[in-house]
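# Coordinate analysis (summary)
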Amino acid sequence: MPIYQLREPQRLTLSMNGTVCYGYTQDWYTDSWQARAGCGPTTATSLLAYHLVRDGYWEALPTQAAVLRRMQEIWNYVTPGHGGLFKTRWLVHGLRRYLADYRLPYRVDALPVSVRSAHRPEPAAVKAFIAEALAADSPVAFLNRHRGAEPIDTWHWVPIVSFDTEQEPAVAEIYDETIRKFFAPEKWVRDTLLGGGFVSMRKI
C-alpha cells in the first residue's frame, strides 16, 4: 500500500525567525476568544489556502500577516459558537457558503464519526476517505472531540497532510499549531468516546 501525501505540503508552511512553522495556528488571532476557539476556522483556512493558492484564486500567503488576513476572513464563514466548532457539518456549511459567495468551483465532502460507536463508519471507510482525498491533492480537516489513546489534542480541528498506509495501523500526519504530529485514524475511530469527523474539498 502507498504513502498518500500532498504534492506541495510546503504551501502550508512558513518560515518565521529561522523556524519552520508547519501549518497555521489559532494563536495568531489577536482576539482572545478567537485564539481560544479558532481551531476550526484556522483549519478551514488551511484547506482553502492549499486549493485556492495552488489554483490561482488566492495570492500566495508567505507571511503570518497574510495568513491572518485570510483567517479573519474565513472566521466570518466558519464561526465557532459556545463550545467551539464541534460538528463537522458546521465546517462543511461554512466552506460551502464561502465557495458559493465567491463562485469557486469546488465541492466539500464529509465523513462524520458519531459519538455512538454503533453508528460510526468502519475503520476501512475512514482510511479510504483520507487516502482518496490526499490522492486528489486535498488536505483533510480532522475534528477530534476525544482522542482515545492517540497522542493528539482533544476537542480540536487540524489538517491531515499525509497518510502512511504501509504501516499497520496506518499513520496520519497532521499540522497542529505549527508542529508535525502523528496518529492512527483506524485506532482513533475505534477508541474515541465523543467522535468527530473528516472534511475535504475537491475541484469540480
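See the structure printed just above.
Anyway, here's the lowdown on the structure attached to this text.

Attention now moves to the pattern of salt bridges. Taken as a whole and judged by the stated rule, the model has 11 salt bridges. Ionic pairing is found between E59 and R70, a salt bridge with its closest N-O pair at 3.0 Å. Of this pair, E59 sits in the loop between α2 (39-54) and α3 (64-75) while R70 sits in helix α3; the two residues are 11 residues apart in sequence, bridging distant segments of the chain. On the basis of relative accessibility, which here comes to 14%, the residue R70 falls in the buried class. For E150, the salt bridge goes to K187, with nearest N and O atoms at 3.9 Å. On the criterion of sequence distance, the pair formed by E150 in the loop between β5 (140-144) and β6 (156-164) and K187 in helix α6 (residues 185-191) is long-range, its members being 37 residues apart. For E150, a relative accessible area of 5% translates into the label buried. Counted as one network, the salt bridges with shared partners bring together R54, D55 and D137.

On to the nonpolar core, then. Core analysis: the largest hydrophobic core is formed by 64 residues, its most contacted members being L48, W58, L91, I160 and F198. Here this core takes eight residues from α2, the largest share from any one element. Those residues in contact with L48, other than ones at most four positions away along the chain, are V53, W58, I74, L95, Y98, L99 and M201.

Attention shifts here to the side chain of H156. Tracing the chain through its elements places H156 in strand β6. Owing to a relative accessible area of 8%, H156 belongs among the buried residues under this scheme. Within the structure, the side chain of H156 is placed 2.7 Å from the side chain of D176, a separation counted as a polar contact. Once residues lying within four places of it in the same chain are set aside, the contact partners of H156 are Q26, C39, F142, L143, N144, D176 and E177.

Attention now goes to the packing of α2 against α3. Taken N-terminus to C-terminus, the directions of α2 and α3 make an angle of 115°; their axes are 9 Å apart at the nearest point. Judged on the interaxial angle alone, α3 and α2 are roughly perpendicular. Like other packed secondary-structure pairs, α2 and α3 cross with a definite hand, here right-handed. Contacts between α2 and α3 involve P41, T42, A44, T45 and L48 from the first element and R70, M71, I74 and W75 from the second. Classifying every residue of the contact of α2 with α3 gives six nonpolar, two polar and one charged.

Because the α-helix completes a turn every 3.6 residues, residues three or four places apart line up on one side. In this model α2 runs 22 Å from its N-terminal to its C-terminal C-alpha over 16 residues, within 8% of the 22 Å that 1.5 Å per residue would give. When you tally the buried positions in α2, you get 15 out of 16 residues, the bulk of the element. Phi for G56, located one or two positions after α2, is positive at around 85°.

On inspection of all chains with the given rule, the structure shows one cavity of 30 Å³ or more. Put simply, the largest cavity is a space of about 70 Å³. The wall of the largest cavity is formed by 13 residues, among which Y24, T42, T43, W157 and Y175 lie closest to the centre. Those elements that place two or more of their residues in the lining of the largest cavity are α2, β6 and β7 (171-176). Of the residues belonging to the lining of the largest cavity, the class tally is six nonpolar, five polar and two charged.

Relative to strand β8 (residues 179-183), β7 runs antiparallel, the two sharing five bridges. Bridging from a neighbouring strand, Y175 pairs with R180 of β8. In this antiparallel pair of consecutive strands, β7 and β8, the connection spans two residues, and E177 shows a positive phi of 55°.

What counts as what
Residues numbered from 1 in each chain as written. Predicted model: local features only at pLDDT ≥ 70, side-chain atom pairs only at ≥ 80, totals over all residues. Heavy atoms only, no water. Salt bridge = Lys/Arg side-chain N within 4 Å of Asp/Glu carboxyl O. Helix = DSSP H or I, 4+ residues; strand = E, 2+ residues; numbered from the N terminus. Buried < 20%, exposed > 50% of the residue type's maximum accessible area, 1.4 Å probe, protein only. Core = buried A, V, L, I, M, F, W, Y, C linked by side-chain atoms within 4.5 Å. Contact = heavy atoms within 4.5 Å. Polar contact = N/O pair within 3.5 Å; in protein donor to acceptor, adjacent residues only side chain to side chain. Axes fitted to C-alpha atoms, helices over the stretch in contact; angles between N-to-C directions. Parallel < 35°, antiparallel > 145°, perpendicular 65-115°, else oblique. Left-handed = near helix turned anticlockwise from the far one by under 90°. Nonpolar A, V, L, I, M, F, W, Y, C, P; charged D, E, K, R; others polar. Expected span 1.5 Å × (residues − 1). 1 Å grid on protein atoms, 1.4 Å probe; cavity = no way out; pocket = protein on both sides within 12 Å on 5 of 7 lines; lining within 4 Å. Points joined across faces, edges and corners; volume = space filled by probe spheres on them. Pairing = 2+ DSSP bridges.

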